[in-house]
Amino acid sequence: MTNTAAIIGGGVIGGGWAARFLLAGWDVRVFDPDPQAQRKIGEVLDNARRSLPGLSDVALPDEGQLSFHDAMSDAVDGAIWIQESVPERLELKRKVYQTLQEHCAPDAVIGSSTSGFKPSELQGCATRPDQIVVCHPFNPVYLLPLVELVTTDLNGDDLPARAETILRDIGMFPLRLTREIDAHIADRFLEAVWREALWMIKDGIATTAEIDEAIRMGFGLRWAQMGLFETYRIAGGEAGMRHFIEQFGPCLSWPWTKLMDVPDLTDDLINAIADQSDAQSGMHTIRELERIRDNNLVTILRGLKAQDWGAGQVLNVRDRNSTALAASLDQVADISQPVLTVHRAVPLDWTDYNGHMNEARYLQAFGDATDRLMMIVGCDADYIATGGSYFTAETHIRHLDEIHAGARIRVETQVLNGAGKKMHLFHWMYAGDRLLATGEHMLIHVSLETRKASEPAASVAEPLARLADAHAKLPRPEGAGAAIGVR
Ligand SMILES: NC(=O)c1ccc[n+]([C@@H]2O[C@H](COP(=O)([O-])OP(=O)(O)OC[C@H]3O[C@@H](n4cnc5c(N)ncnc54)[C@H](O)[C@@H]3O)[C@@H](O)[C@H]2O)c1
């Protein structure tokens, strides 16, 4: 049965949550009195659809149903997760909980996106305080994995544990805080940096553009993959963290920062910041900046994924838990038919200046399909570690139709020959019923020690022969064995 989430408040953050749940296959019911809410969420969803699905190397579940409701009572109907993202005013949030607790399931999780309030403050006047937790996400919620999950003793153990499981299922990284504090961990930290930046502008030390360059050309990149302490541990050299603190510790008492004081947000300061920011970024609309940001984030996240590190590791765990593709011949439902070897969305970084998937990525998808077929017949990482593998000797791709970022593709594979050292494969790539490309590949089994052709071990030869025999009864694919067609 499809799970249902209710989104109460569908602005910047609520819209992001709606996209996160929908693209994870949940039905999403939205309540927001703003007549523009539907349009705004539609725009967030457009961005999410082109960027999020391609982060995975396997297809996400089918999108859930999105609906908009005029009453909160209606929106929470059937919801097992209710995400409150109304403006940051305590009285408003408390009023919202009172209304929604009159109508929602008593065991549903009520998560608040609050950036600053403690869960005990939110639970203050609630009918069932045990239902309310802080789930503080980061913008864009559909791409960034972090959610600060903050609870109180009133929540007990079961509800926070369920909340953690659900957050992981929708691809997020719940960071469970052991103590509640104003602004949780991340915003307390960000506020310190923000305050410092405001002082530097007020004192005429740096412009908004210089501050942004100082972050993104240097330490911002380090933070994105290791955070603060691991980065400084390395900065201490072989002597490590202790040496780092001894070396730079005294600086902390030098007057480098102004963290103790807050600059007055006078009109002059606000104007200076706004003017500088316009000069820095005003040539782009907010929608353009969002797309630039999403492109960059996807590129960074997919880079981290290749390293199985940090936020990239979170994505890999999710892919590994997917059962969409078979991992062995026993798991293939019907070996008499071509085997599903790729099922995924086109990532943003696979597209090119023509606005569609680049020709090289067709080969990448077919290469991934070949890897999957190798795994299915037993040529997996363990087998390769024993010194046997396949190398590709020849490839012929026909590009038949174009495909765009975010669209779902699948590859089906027929084994044309699996005897001896040869593995001759024919791949079809589809989007729905539309044939996008075919790929024909001749691979030779090799010894990784001699780098020469060699017979595969029986653990590979037998499943491959079984699949090849079953596929021999299929018609020979149209285009198999063809040279470049000249009309
Ligand atoms: N913007 C951020 O970067 C960010 C990041 C993390 C968390 N948050 C938190 O998320 C929450 C929402 O912030 P936002 O930036 O999305 O604000 P926003 O102003 O973009 O959206 C708030 C939405 O709530 C709606 N709303 C107002 N009253 C309502 C009510 N009674 N019932 C239902 N909807 C109502 C508004 O129409 C609006 O669409 C805040 O608690 C904020 O602290 C914001």
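Structure: above.
Residues numbered from 1 in each chain as written. Predicted model: local features only at pLDDT ≥ 70, side-chain atom pairs only at ≥ 80, totals over all residues. Heavy atoms only, no water.

Peer 1: How would you explain a nonpolar patch on the surface if you had to name every residue and give the values?
Peer 2: There is a patch of nonpolar side chains on the surface, built from Phe-173, Leu-175 and Ile-185 and spanning about 240 Å² of accessible area. With respect to the helices and strands, Leu-175 occurs in strand E8 (residues 173-177). Classification of Leu-175 by relative accessible area gives partly exposed; the value is 31%. (Patch = residues over 30% accessible without salt bridge, like charges linked within 9 Å, V, L, I, M, F, W, Y side chains within 5 Å. Areas by Shrake-Rupley, 256 points an atom, 1.4 Å probe, with all protein chains shown as cover. Salt bridge = Lys/Arg side-chain N within 4 Å of Asp/Glu carboxyl O. Helix = DSSP H or I, 4+ residues; strand = E, 2+ residues; numbered from the N terminus. Buried < 20%, exposed > 50% of the residue type's maximum accessible area, 1.4 Å probe, protein only.)

Peer 1: Break down the sheet that holds strand E13 (residues 434-447) for me, citing the residues and quoting the values.
Peer 2: Strand order in this open sheet of 5 strands is E9-E11-E12-E13-E10, and the pairing throughout is antiparallel. Looking at strand neighbours, the two that pair on one side only are strand E9 (339-345) and strand E10 (388-399), the edges of this open sheet. Neighbour-to-neighbour, the strand axes of the sheet open up by a mean angle of 25°, direction not taken into account. Direction of pairing for E10 relative to E13: antiparallel, over a ladder of 11 bridges. Residue Glu-394 lies in a different strand from E13, and its bridge partner there is Met-442. Against the sheet, helix H14 (residues 359-376) touches E9, E10, strand E11 (408-417), strand E12 (422-431) and E13, its axis set at about 125° to E12. Strands in contact with helix H16 (residues 458-472) are E9, E10, E11 and E12; relative to E11, the strand with the most contacts, it is inclined by about 95°. (Pairing = 2+ DSSP bridges. Axes fitted to C-alpha atoms, helices over the stretch in contact; angles between N-to-C directions. Contact = heavy atoms within 4.5 Å.)

Peer 1: Could you give an account of the packing of aromatic side chains, naming the residues involved and the relevant values?
Peer 2: Overall, the coordinates contain 6 aromatic pairs when judged by the stated rule. When the ring of Phe-426 is compared with that of Trp-428, the centres are 4.9 Å apart and the planes differ by 65°; the resulting orientation is edge-to-face. One exposure class covers both Phe-426 and Trp-428, and it is buried. Grouping aromatic residues by their ring pairs yields a cluster made of Trp-17, Phe-21, Trp-26 and Trp-81. A cation over an aromatic ring shows up here: Arg-344 above the ring of Trp-350, its NZ or CZ 4.7 Å from the ring centre. (Phe/Tyr/Trp six-rings, centres within 6.5 Å; stacked < 30°, edge-to-face > 60°. Lys NZ or Arg CZ within 6 Å of the ring centre and 35° of its normal.)

Peer 1: Tell me about unusual backbone geometry, and name the residues and values.
Peer 2: A cis amide bond links Asn-139 to the next residue, Pro-140, at an omega of 5°. Looking at where Pro-140 falls in the secondary structure, it is placed in the loop between strand E6 (132-137) and strand E7 (146-150).

Worth remembering: the numbers are spatial, not functional.
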